Amino acid sequence: MPVEGPLRRRWPRILALIAVAVLTVLAIFALWAREPVIAAIGRPDPASFDPRQVALGASLARIGNCASCHSVPGGRVYAGGTPIQTPFGTIHGSNITPDPETGIGQWSYEAFARSMREGLGRDGSHLYPAFPYDRLRHTSNADLRALYAFLMTRDAVRAEPPANSLIPPLGWRPVLAGWKLLALPRTAPQGPQPQLGALWERGRYLGEGLAHCASCHSPRGLLQQELRERAYEGGWSDGWYAPPLDATSPAVREWTAERLDAYLRTGLSTAHAAAAGPMGPVAHNLARAPEDDVRALATYYAWTMRDARAARSEPVLPDRGTVAARAHPSGAALFRGACAACHEPGAPMMVAGRPDLRLGSPLHDDNPRNAVQVILQGLEPPVEPHGPYMPAYADTLTDKQIAEVTAYMRARWGSGPDWGNLVEAVADARAENGE
Amino acid sequence: MIELTINGTRHRIDGDPAEPLLYVLRDDLGLYAAKFGCGLGQCGSCTVLVDGKPAQSCITPIAALEDRVVMTIEGLGSARTPGPVQQAFIDEQAAQCGYCIPGMIARAEALLRADPRPSEAAMRDAMRPSLCRCGTHMRILRAVRRAAVAMGGGIVDPAEPVS
């Protein structure tokens, strides 16, 4: 039906009214979302901090793995710029050196503590929850003061991180106040258990807070919030699968505190595997953290995995070489030519004590992602240059070939059902790696 | 039977599909540039180009190479008419014992094809998987910079001027 004259004349007015209403709602929302600015300060004199506090802060920063998101490889440490992929776009780690313009040089301790607890910048703007303040907030005042002392005594680096590229309207930070209202986890993390001892308690305090292990090792909801009630059931980080750290751990060898301690401090558990993907930098940092703190983390996470299947009994690990070769002949040939020189039982690397492929969790996970990622990306020595290394096969093998060799390894050494369409799994992993 | 395309020529190889490309190159085809170093994909002296990208031929089974294009540095030029990357390595006298150099040249070639005007960081990152035990890294990097200029691209942040 044609719009009649008077109504047609009224349209602009109706549109204007709608626009005003929308803008009013947005303005009210923005007002509600607003948080106070904390006054800028001059950069504190580095000499004003107690060196012991600075040293403690350095240790805590390693336990918190701050450098992973706040530095780019080969760049100045803590100067930010690291791209972090999220389902909503890419954001970049901020500069947390004490540069007054591009870093946190004008931040008082109060502003720093508020950012760590409430996810707010000094200017009151909301910070994206890729910054895991939902975990960091459980850090004590004394430890936050030490972290502040450490950061404020670093070299000031003038570096503006690249602009974020997020889907609208997420570039508008007041929206994050809504996220906090709807999605910020409110379930408290695991609390103290005095009967479990001081080392366990230290591990709990660090692990549930500053070390924020659950941020990667837990599933996330639609709004990317950590699902606190499902903490440690396994999650995703940078295209890699962060396996469960609870009773559902797929490990086939028990994660005792001793083995976990070795893994976290050297990047290698000879009863499991090497730290790969985003876990590599974690081990790199923990290797440089106080031994007692790493031991505490190992004690605590051995406890969270105490009911895992391998903790009850370690299974016999079969080698179904013949069956696997019959089922996946081309995968078997590729394995012999590309992998066997290191990974076949009896190969020099195995004789030198590197763990057998069937000991690592990738071939026992319920998804093929980590098996595929290790083949695509290889492995950089996580802690020291003489550590475990594997060349990347992303350019050498095609999706189909990686799928074949993965299917062969799963059939030969893995546990659990067939992984299904592996060609697609390889293509997905490549896409996530930005190839 | 596997058909391989190497330096523009098709070869039919009868043999174990798991056989590493390096052995086929050296033992069957008489292409001796790529070297056996560690046999474990750790040193880079066997590096060749597969579809224009660096691949360590000691851990690349020929089964992986059907329908793909392999190039060894014999395909980039000869002693009489060296290619631009080879010429740059000669000009900078980048070799000491020379064992790693074919792999280094293959890597540099792959880099400059993908990124004709590499940054210093990109250059070092691309060359990093190849090891040189003689310590000629500074000359090797100079050769890569020289090749980038000679091939018409250039370098982003010259650490040293290219003479």
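Up top is the structure these notes are about.
All figures in this text were calculated on a predicted structure; none of them were measured in a lab.

> I would appreciate a short explanation of the overall build of chain A in the present structure.
For chain A, the helix and strand inventory stands at 20 helices and five strands. For chain A, the C-alpha atoms occupy an extent of roughly 80 × 75 × 45 Å along the three principal directions. Evaluated residue by residue, chain A yields a buried proportion of 51% over its 435 residues. Nonlocal contacts in chain A, meaning residues at least 24 apart in sequence, comprise 68% of its contacts between residues at least 6 apart. Accessible area of chain A: about 20700 Å², with a carbon and sulfur share of 59%. Of the side chains in chain A, 43 bear a positive and 43 a negative charge, and the two mean positions are spaced by 4 Å.

> Can you walk me through the environment of D293 of chain A in this structure?
All names here are of chain A. Structurally, D293 is set in helix α12 (residues 291-304). Along the backbone, D293 and G207 are 86 residues apart, and their C-alpha atoms lie at a distance of 9.9 Å. Every residue in contact with D293, bar those within four places of it in the chain, is listed here: I63, R202 and L206.

> Sorry if this is basic, but what is going on with the packing of aromatic side chains here?
Within a pair of aromatic rings, the relevant descriptors are the distance that separates the centres and the angle that separates the planes. On inspection of all chains with the given rule, the structure shows 17 aromatic pairs over all chains. Aromatic side chains Y23 of chain B and F36 of chain B sit 6.4 Å apart centroid to centroid with 35 degrees between the ring planes, which places their arrangement in the tilted category. Of this pair, Y23 of chain B sits in helix α1 (residues 21-28) while F36 of chain B sits in the loop between α1 and β3 (47-50), placing them 13 residues apart in sequence. The exposure class of Y23 of chain B is partly exposed, given its relative accessible area of 31%. A relative accessible area of 36% means that F36 of chain B is categorised as partly exposed. Counting every residue linked through ring pairs, the aromatic cluster contains W200, Y232, Y300, Y301 and W303 of chain A. The ring of Y109 of chain A has R145 of chain A lying over it, and the distance from NZ or CZ to the ring centre is 3.8 Å.

> Would you take a moment to explain the state of the cysteines for this structure?
Among covalent bonds in proteins, the disulfide is the one between the sulfur atoms of two cysteines. Evaluation of the coordinates by the stated rule reveals zero disulfides over all chains. As a non-bridged cysteine, C69 of chain A has C216 of chain A as the owner of its nearest cysteine sulfur, 8.0 Å distant. The closest cysteine sulfur to the non-disulfide-bonded C58 of chain B is located on C46 of chain B, 3.7 Å from its own sulfur. Its relative accessible area of 5% is what places C58 of chain B among the buried residues.

> Is there a simple way to explain the nonpolar core in this structure?
Across soluble globular proteins, nonpolar side chains have a tendency to be buried as a group. With 59 residues, the main nonpolar core has F112, M116, L147, L260, L264 and Y301 of chain A as its most contacted residues. Tallying contributions element by element places helix α6 (residues 141-152) of chain A first for this core, with eight residues. Residues from two domains meet in this core; each of domain 1 (46-183) and domain 2 (198-312) of chain A gives at least three. Counting residues in each nonpolar core, the second largest holds 54 residues, with W240, V372 and L379 of chain A together with L4 of chain B among its members.

> When you look at the sheet that holds strand β4 (residues 53-56) of chain B in this model, what are you seeing that I'm missing?
Pairing between sheet strands relies on hydrogen bonds along the backbone, with the strands arranged either parallel or antiparallel. Residues and elements named next belong to chain B. Spatially, the five strands line up as an open sheet ordered β2-β1-β5-β3-β4, and their pairing is mixed. Each edge of the open sheet is held by one strand with a lone partner, namely β2 (9-13) and β4. On average, each strand axis in the sheet is tilted by 40 degrees relative to the strand beside it, whichever way the strands run. Relative to β2, strand β1 (residues 2-6) runs antiparallel, the two sharing five bridges. For E3, the partnering residue across the bridge sits in β2 and is R12.

> What is the right way to read the environment of A431 of chain A from this model?
Residues and elements named next belong to chain A. When you line up the elements, A431 lands in helix α20 (residues 422-432). Since its relative accessible area comes to 57%, A431 is described here as exposed. Through-space distance from the C-alpha of A431 to that of G239 is 9.2 Å; in sequence the pair is 192 residues apart.

> For this particular structure, what's the right way to read the pattern of salt bridges?
Oppositely charged side chains may form a pair once their charged atoms are brought near each other. Under the defined criterion, the tally for this structure stands at 36 salt bridges over all chains. Residue D319 of chain A is joined to R412 of chain A by a salt bridge in which the shortest nitrogen-to-oxygen separation is 2.7 Å. Of this pair, D319 of chain A sits in the loop between α13 (309-312) and α14 (321-327) while R412 of chain A sits in helix α19 (residues 399-413), and the two are 93 residues apart along the sequence. Taking relative accessible area as the criterion, R412 of chain A reaches 5% and is therefore assigned buried. The salt bridge partner of D91 of chain B is R146 of chain B, with a shortest N-O separation of 3.8 Å.

> What's the story with the pairing of β4 of chain B in this structure? I'm lost.
Working note: regular strand, side chains alternate between the two faces of the sheet. Residue and element names in this part refer to chain B. Note that β3 and β4 share four bridges and pair antiparallel. Looking at the pairing, V48 lines up with A55 of β4. Hairpin geometry of β3 and β4 is characterised by an intervening segment of two residues between the two adjacent antiparallel strands and by a positive phi of about 50 degrees at D51.

> I would appreciate a short explanation of the pairing of β3 of chain B in the present structure.
Residues and elements named next belong to chain B. Residues T47 and L49 line one face of β3 and the alternating positions V48 and V50 line the opposite face, and both faces are buried. For β3 and strand β5 (residues 69-71), the ladder comprises two bridges, and the chain directions are antiparallel. Within β5, the position partnered with L49 by the bridge is M71.

> Would you mind going over the sheet that holds strand β1 (residues 83-86) of chain A with me for this structure?
Residues and elements named next belong to chain A. The sheet built from three strands is open, its strands ordered β1-β2-β3 with antiparallel pairing. Each end of this open sheet is capped by a strand with a single partner; those strands are β1 and β3 (165-166). Two elements, strand β2 (residues 89-92) and β3, share two bridges in a ladder whose sense is antiparallel. Note on β3: the bridge partner recorded for G89 is L166.

Calculation notes
- Residues numbered from 1 in each chain as written.
- Chains lettered and ligands numbered in written order.
- Predicted model: local features only at pLDDT ≥ 70, side-chain atom pairs only at ≥ 80, totals over all residues.
- Heavy atoms only, no water.
- Helix = DSSP H or I, 4+ residues; strand = E, 2+ residues; numbered from the N terminus.
- Buried < 20%, exposed > 50% of the residue type's maximum accessible area, 1.4 Å probe, protein only.
- Contact = heavy atoms within 4.5 Å.
- Areas by Shrake-Rupley, 256 points an atom, 1.4 Å probe, with all protein chains shown as cover.
- Lys, Arg positive; Asp, Glu negative; His and termini not counted.
- Charge placed at Lys NZ, Arg CZ, Asp CG, Glu CD.
- Phe/Tyr/Trp six-rings, centres within 6.5 Å; stacked < 30°, edge-to-face > 60°.
- Lys NZ or Arg CZ within 6 Å of the ring centre and 35° of its normal.
- Disulfide = S-S within 2.5 Å.
- Core = buried A, V, L, I, M, F, W, Y, C linked by side-chain atoms within 4.5 Å.
- Domains from an automatic or database assignment.
- Pairing = 2+ DSSP bridges.
- Axes fitted to C-alpha atoms, helices over the stretch in contact; angles between N-to-C directions.
- Salt bridge = Lys/Arg side-chain N within 4 Å of Asp/Glu carboxyl O.

Worth remembering: the numbers are spatial, not functional.
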